Amino acid sequence: SQTIHQWPATLVQPVGSPLSLECTVEGTSNPNLYWYRQAAGRGLQLLFYSVGIGQISSEVPQNLSASRPQDRQFILSSKKLLLSDSGFYLCAWRPGQSLNEKLFFGSGTQLSVL
Amino acid sequence: GDSVTQMEGPVTLSEEAFLTINCTYTATGYPSLFWYVQYPGEGLQLLLKATKADDKGSNKGFEATYRKETTSFHLEKGSVQVSDSAVYFCALSDRDTDKLIFGTGTRLQVFP
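Source: prediction; values computed, not measured.

What counts, and where the lines are drawn
- Residues numbered from 1 in each chain as written.
- Chains lettered and ligands numbered in written order.
- Predicted model: local features only at pLDDT ≥ 70, side-chain atom pairs only at ≥ 80, totals over all residues.
- Heavy atoms only, no water.
- Helix = DSSP H or I, 4+ residues; strand = E, 2+ residues; numbered from the N terminus.
- Rg over C-alpha atoms; globule rule 2.2 N^0.38 Å.
- Salt bridge = Lys/Arg side-chain N within 4 Å of Asp/Glu carboxyl O.
- Buried < 20%, exposed > 50% of the residue type's maximum accessible area, 1.4 Å probe, protein only.
- Phe/Tyr/Trp six-rings, centres within 6.5 Å; stacked < 30°, edge-to-face > 60°.
- Pairing = 2+ DSSP bridges.
- Axes fitted to C-alpha atoms, helices over the stretch in contact; angles between N-to-C directions.

**Student:** Quick rundown of the overall build of chain A? Include the residues and the values.
**Tutor:** A tally of helices and strands in chain A yields 0 helices and 11 strands. Reading chain A from its N end, one meets helices and strands in the order β-β-β-β-β-β-β-β-β-β-β. The globule rule puts the C-alpha radius of gyration for 114 residues at 13 Å, and the 13 Å found for chain A is close to it. For chain A, the C-alpha atoms occupy an extent of roughly 40 × 30 × 25 Å along the three principal directions.

Next comes the structure, spelled out in structure tokens:
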């Protein structure tokens, strides 16, 4: 069966520090991968998505970047965090080329930038 | 670009009342449409979906019909329960780009 792992669950970082959040999927190949940020009053905002290794589409220009070094690995990064980067980050996947399929979400990372 | 607009919450209802949560979308093609639900303390889960015009998705007493002419996918339930209290997200899946866009969510509070 397929599983998605996202870590860490919580993270407290000072302003200006770097960030790396990792997400891996098991039990499937060539998934579509997504990074979302969930903030109160702003719903679920799509940050990045990827349909294949090295293929990253950015939805919101900002202080973050994403990479997909392996088929089932999706990394969210920042070189210097801002206060406004605080939020709840969710990784998600669904089968590639299956646009009608539902998303499977990771358990999320609560990031607090102080 | 693609977008989803949902009615602002919270929506506050008494048990057994009729529920409508409005959702409209903007898309260049013919997207698939979804409703996701997030119960308190839990992750998002798919509630229902529709993949083409005039399709009706249904689950747990909830229904939504894909209306191409009004670009809408309103969520309805005839008689809500306290256990339906949650945040509901409307979403679309762009067929050309594979991206999945969510609305801002609507919080539903049902009181006994």
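On we go.
**Student:** Which residues make up the overall build of chain B, and what values go with them?
**Tutor:** For chain B, the count of helices and strands is 0 helices and 12 strands. Reading the secondary structure of chain B in the N-to-C direction produces β-β-β-β-β-β-β-β-β-β-β-β. Its C-alpha radius of gyration of 13 Å places chain B within 12% of the 13 Å reference for a compact globule of 112 residues. Each of the three principal axes of chain B carries a C-alpha extent, and together these read 45 × 25 × 20 Å.

**Student:** Go over the pattern of salt bridges, please, and point to the residues and values.
**Tutor:** Applying the stated criterion to the full structure yields 5 salt bridges over all chains. Linking E59 of chain A and K99 of chain B is a salt bridge whose minimum nitrogen-to-oxygen distance equals 3.2 Å. Of this pair, E59 of chain A sits in the loop between strand 6 (55–58) and strand 7 (65–70) while K99 of chain B is found in the loop between strand 10 (86–93) and strand 11 (100–102), placing the two residues in two different chains. Taking the relative accessible area as the measure of exposure, K99 of chain B reaches 13% and is therefore buried. Measuring nitrogen to oxygen at the nearest pair gives 3.2 Å for the salt bridge that ties D71 of chain A to R68 of chain A. Its relative accessible area of 3% is what places R68 of chain A among the buried residues.

**Student:** Tell me about the packing of aromatic side chains, residues and numbers included.
**Tutor:** A full pass over the atoms with the stated rule returns 13 aromatic pairs over all chains. Relative to Y36 of chain B, the ring of F105 of chain A has its centre 6.1 Å away and its plane inclined at 90°; by these criteria the two rings are edge-to-face. Taken together, the residues span two chains, with F105 of chain A in strand 10 (residues 104–105) and Y36 of chain B in strand 5 (residues 32–38). Like Y36 of chain B, F105 of chain A is buried. Relative to Y66 of chain B, the ring of Y25 of chain B lies with its centre 6.0 Å away and its plane at 80°, an arrangement referred to as edge-to-face. Of this pair, Y25 of chain B sits in strand 4 (residues 23–26) while Y66 of chain B sits in the loop between strand 8 (62–65) and strand 9 (75–77), placing them 41 residues apart in sequence. Site record: aromatic cluster; members linked through ring pairs are Y34, Y36, Y49 and F105 of chain A together with F34, Y36, F89 and F102 of chain B.

**Student:** I'd like a description of the sheet that holds strand 9 of chain B, backed by residues and values.
**Tutor:** Consider a sheet: its strands pair through backbone hydrogen bonds, and that pairing is either parallel or antiparallel. Residues and elements named next belong to chain B. Read across the open sheet, the 4 strands follow the order 3-9-8-7; overall the sheet is antiparallel. Looking at strand neighbours, the two that pair on one side only are strand 3 (19–21) and strand 7 (56–59), the edges of this open sheet. Within the sheet, the average angular offset between the axes of one strand and its neighbour, ignoring direction, is 20°. As paired strands, strand 3 and strand 9 are joined by 3 bridges and run antiparallel to one another. What sits directly across from L19, in strand 9, is K77.

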